[in-house]
Amino acid sequence: MTGSLPKLPFPNDRFSLVLCNHFLFLYQDQFDYRFHLDAIEELIRVMKKGGTICIYPLVGFKDERYPFIDQLIERLNQHVKVTETKTNFRFLPSATHYLRIDK
Ligand SMILES: C[S@@+](CC[C@H](N)C(=O)[O-])C[C@H]1O[C@@H](n2cnc3c(N)ncnc32)[C@H](O)[C@@H]1O
């Protein structure tokens, strides 16, 4: 089954692991803050309680950190646990972290 953020064709609480790789934050020039927030809320919706979402990278193609990441984390932390987590994996030199979200 295929779908497109920010609306996915899956029921609530369906997955225990959600991986979002090289899409959110990377195309930050093309998608606004509202899109990023709605897309991540949708990933949270389809994730089971006790599950985890990993989103990588947190930078765009110009190697720049997503400028609204702190605002986004503060907002999401109101109902899930969000951690900016270090990784040894490198896509771009500054892509040192991923976003871990625990529901
Ligand atoms: C750079 S590719 C990354 C593909 C794969 N995740 C990887 O790391 O190899 C970006 C992907 O985002 C997908 N994409 C574009 N718009 C999307 C949307 N609104 N919702 C979900 N995926 C989307 C594209 O189809 C494409 O496969």
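The following paragraphs examine the structure supplied in this document. (Residues numbered from 1 in each chain as written. Predicted model: local features only at pLDDT ≥ 70, side-chain atom pairs only at ≥ 80, totals over all residues. Heavy atoms only, no water.)

## Topic: the packing of aromatic side chains
Pairs of aromatic rings are described using the distance from one ring centre to the other and the angle between the two planes. On inspection of all chains with the given rule, the structure shows 11 aromatic pairs. Their ring planes at 45° and their centres at 6.1 Å tell us that F23 and Y27 sit as a pair that is tilted. Relative accessible area serves as the criterion here: at 27%, F23 is assigned to the partly exposed category. Using a relative accessible area of 29% as the deciding quantity, one classes Y27 as partly exposed. Between F23 and F31, the ring centres sit 5.3 Å apart and the planes meet at 75°, which makes this aromatic pair edge-to-face. A relative accessible area of 25% means that F31 is categorised as partly exposed. Aromatic ring contacts, followed pair by pair, group F23, Y27, F31, F35, F61 and F91 into a single cluster. Sitting over the face of the ring of F15, R14 holds its NZ or CZ atom 5.2 Å from the ring centroid. (Phe/Tyr/Trp six-rings, centres within 6.5 Å; stacked < 30°, edge-to-face > 60°. Buried < 20%, exposed > 50% of the residue type's maximum accessible area, 1.4 Å probe, protein only. Lys NZ or Arg CZ within 6 Å of the ring centre and 35° of its normal.)

## Describing the sheet that holds strand β4 (residues 97–102)
In any sheet, the strands associate via hydrogen bonds between backbone groups, in a parallel or an antiparallel arrangement. Taken together, 4 strands build an open sheet; the order of strands is β1-β2-β4-β3 and the sheet is mixed. Every other strand in the sheet has two partners, leaving β1 (15–21) and β3 (81–86) as the edge strands with one partner each. Going across the sheet, the axis of each strand differs from the next one's by a mean of 15°, ignoring polarity. As paired elements, β1 and strand β2 (residues 47–56) share 6 bridges and run parallel to each other. Residue V18 lies in a different strand from β2, and its bridge partner there is I53. Helix α1 (residues 33–46) rests against β1, β2 and β4 of the sheet, and its axis sits at about 145° to β2. (Pairing = 2+ DSSP bridges. Helix = DSSP H or I, 4+ residues; strand = E, 2+ residues; numbered from the N terminus. Axes fitted to C-alpha atoms, helices over the stretch in contact; angles between N-to-C directions. Contact = heavy atoms within 4.5 Å.)

Honestly, it's all geometry; don't read function into it.
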